[in-house]
Amino acid sequence: ASAGAQGLPAMKQKETYKVGFAQTESNNPWRIAQTESMKAEAAKRGWQLVYTDAAGSAAKQVADVDSMIAQGVDLIFLAPREEKPLVPAVMKAKRAGIPVILLDRTVDESVAKAGRDYVTFIGSDFVEEGRRAAQWLVKATNGNARIIQLEGTAGSSPANDRRKGFEEVIAKNPGMKIVASQSGDFVRDKGRQVTETLLQAHPDATAIYAHNDEMVIGAIAAVEAAGRTPGKDIRLVSIDGTRDALQAIIDGKLGATVECSPRFGPKAFDTALRYAKGEKIEPKIINEDQFFDASNAAAKIGEAF
Ligand code: GYE
């Protein structure tokens, strides 16, 4: 069956393409590394890249997709900031005959479907990332911890799924208890502020799980400001694998981080090309992620972002 028969807009085969990349924000190393990877790949292939930065606003990101539609791009790579608000953008691009590939985050899957409304999702298995973080913490604390959870952006797929995977494992361990859970919006300084408040409300907390490294770095500062020792009084675990996080592991402050690779360029452009050739694309393309702890952080920091 051709791509058109699946209900998706087809993509013409051409010498070169003009594609859009709608980024969510650029306030952390993960986002910057992802943008660099996309720009480098476009340059390498000689494709024109229409790049937008929604600056942390789902409404702006919807408008950014509108402008890409108006500019007649051949395909849109979209990193949807939140699951529900970006559904209309996906539908609008489809109606305009422009295929969409979701990068790193998904939209509400009960409404928008891969293979029908958008081509595919490329990214990590966030539920599994949450499970891996929890499994490490269970081991590190011998199954006994009072945990503060710092959640990512409310309504984003990584925040929803990283919570789900983590809580699934924690629920099976009677000695593990989540005492407080609050969003830090994936932002370092919000992670610090939220931790400061939650440590005051829960002075008996012994562990912190953050949905990304930026928030855990902020949390470490708050733990130290409270006169506690990160890595000893409070065990910390997070997700991403940034350079700062690997350094914090080397320094003994952070216990572990589950990798979530931001280097989407080669895979994203290969997938677009496969789609243009009329190949049937699988609904999810899941990245393989590593795991960093004291055993390998020093060896891996050279590759980190
Ligand atoms: O973990 C975080 C970023 O969507 C997987 O978003 C991504 C997450 C990543 O801001 O640091």
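No experiment lies behind these values; they were computed from the predicted model shown. (Residues numbered from 1 in each chain as written. Predicted model: local features only at pLDDT ≥ 70, side-chain atom pairs only at ≥ 80, totals over all residues.)

*Asks:* Explain the overall build of the protein chain residue by residue, including any values.
*Replies:* Scanning the protein chain from N- to C-terminus turns up 10 helices and 12 strands. For a compact globule of 305 residues, the expected C-alpha radius of gyration is about 19 Å, and the protein chain comes in at 20 Å, within 12% of that figure. Dimensions along the principal axes, computed over C-alpha positions, put the protein chain at roughly 60 × 35 × 30 Å. The contacts in the protein chain between residues at least 6 apart in sequence include a share of 74% that link residues at least 24 apart. (Helix = DSSP H or I, 4+ residues; strand = E, 2+ residues; numbered from the N terminus. Rg over C-alpha atoms; globule rule 2.2 N^0.38 Å. Contact = placed C-beta atoms within 7 Å.)

*Asks:* How would you explain the packing of helix 4 (residues 126-140) against helix 5 (residues 157-171) if you had to name every residue and give the values?
*Replies:* Look at helix 4 against helix 5: their axes get within 7 Å of each other, and the N-to-C directions meet at 40 degrees. As the angle between them shows, helix 4 and helix 5 are arranged oblique. Crossing of helix 4 over helix 5 shows right-handed handedness. Seen from helix 4, the contacting residues are Phe126, Val127, Glu128, Glu129, Gly130, Arg131, Ala133, Ala134, Gln135 and Val138; seen from helix 5, they are Ser157, Pro158, Asp161, Arg162, Arg163, Lys164, Gly165, Phe166, Glu168, Val169 and Ile170. Here the contact of helix 4 with helix 5 is composed, by residue class, of nine nonpolar, four polar and eight charged. (Axes fitted to C-alpha atoms, helices over the stretch in contact; angles between N-to-C directions. Parallel < 35°, antiparallel > 145°, perpendicular 65-115°, else oblique. Left-handed = near helix turned anticlockwise from the far one by under 90°. Nonpolar A, V, L, I, M, F, W, Y, C, P; charged D, E, K, R; others polar.)

*Asks:* Quick one: what's the story with the UniProt feature "domain: Periplasmic binding protein" (unreviewed entry) in the protein chain, residue by residue and with numbers?
*Replies:* The sites that carry the UniProt feature "domain: Periplasmic binding protein" (unreviewed entry) are, in the present numbering, residues 19-280. Between the C-alpha atoms that bound residues 19-280 the distance is 20 Å, and the span itself is 44% helix and 20% strand. (UniProt positions renumbered as here; feature names shortened; annotations may be inferred.)

*Asks:* With reference to specific residues and values, describe the site of the ligand.
*Replies:* Taken together, Asn28, Trp30, Arg31, Asp104, Arg105, Pro158, Phe186, Asn212, Glu214, Ile239, Asp240 and Cys260 make up the full set of residues near the ligand. Going through the elements one at a time, helix 1 (29-45) and strand 9 (235-240) are the ones with two or more residues in the shell around the ligand. (Near = placed C-beta within 6 Å.)

*Asks:* Run through the pairing of strand 3 (residues 75-78), naming residues and quoting values.
*Replies:* Along a regular strand, successive side chains alternate from one face of the sheet to the other. Both faces of strand 3 are covered, namely the face carrying Leu75 and Phe77 and the face carrying Ile76 and Leu78. Looking at chain direction, strand 1 (residues 18-23) and strand 3 are connected through four bridges and run parallel. Considered in strand 3, the bridge of Val19 is made with Leu75. Bridging between strand 3 and strand 4 (residues 100-103) involves three bridges; their strand directions are parallel. Directly across from Phe77, in strand 4, lies its bridge partner Ile101. Assessed by its sense of winding, the connection that carries the chain from strand 3 through helix 3 (residues 87-95) to strand 4 is right-handed. (Buried ≥ 20, exposed ≤ 12 C-beta atoms within 10 Å, placed from the backbone. Pairing = 2+ DSSP bridges. Right-handed = clockwise from strand over helix to strand, strands pointing away.)

*Asks:* Could you give me a rundown of the nonpolar core, with the residues and numbers involved?
*Replies:* In this structure, Ala133, Ile208, Tyr209, Val216 and Ala219 are the most contacted members of the largest nonpolar core, which totals 43 residues. Among the elements that take part in this core, helix 7 (residues 213-225) stands out by supplying seven residues, more than any other. Listed in part, the 41 residues of the second largest apolar core include Leu8, Ile76, Leu102 and Tyr275. (Core = buried A, V, L, I, M, F, W, Y, C linked by C-beta atoms within 7 Å.)

*Asks:* Lay out the sheet that holds strand 7 (residues 176-183) with the relevant residues and their values.
*Replies:* One key point about sheets: their strands pair by backbone hydrogen bonds, in either a parallel or an antiparallel sense. Read from one edge to the other, the open sheet built from six strands follows the order 7-6-8-9-10-12, with strand pairing classed as mixed. Two strands close off the open sheet at either side, each with one partner strand: strand 7 and strand 12 (291-293). Neighbour-to-neighbour, the strand axes of the sheet open up by a mean angle of 15 degrees, direction not taken into account. The strands that helix 4 touches are strand 6 (145-151), strand 7, strand 8 (207-210), strand 9, strand 10 (256-259) and strand 12; relative to strand 9, the one it contacts most, it runs at about 160 degrees.

*Asks:* Give me the environment of Ile239: which residues, what numbers.
*Replies:* Mapped onto the secondary structure, Ile239 falls in strand 9. Given 30 C-beta atoms within a 10 Å radius, Ile239 is considered buried. As for Ile239 and Val138, which are separated by 101 residues in sequence, their C-alpha atoms are 16 Å apart. Residues within four places of Ile239 in sequence aside, it is in contact with Glu129, Ala133, Arg162, His211, Asn212, Asp213, Thr257, Val258 and Cys260.

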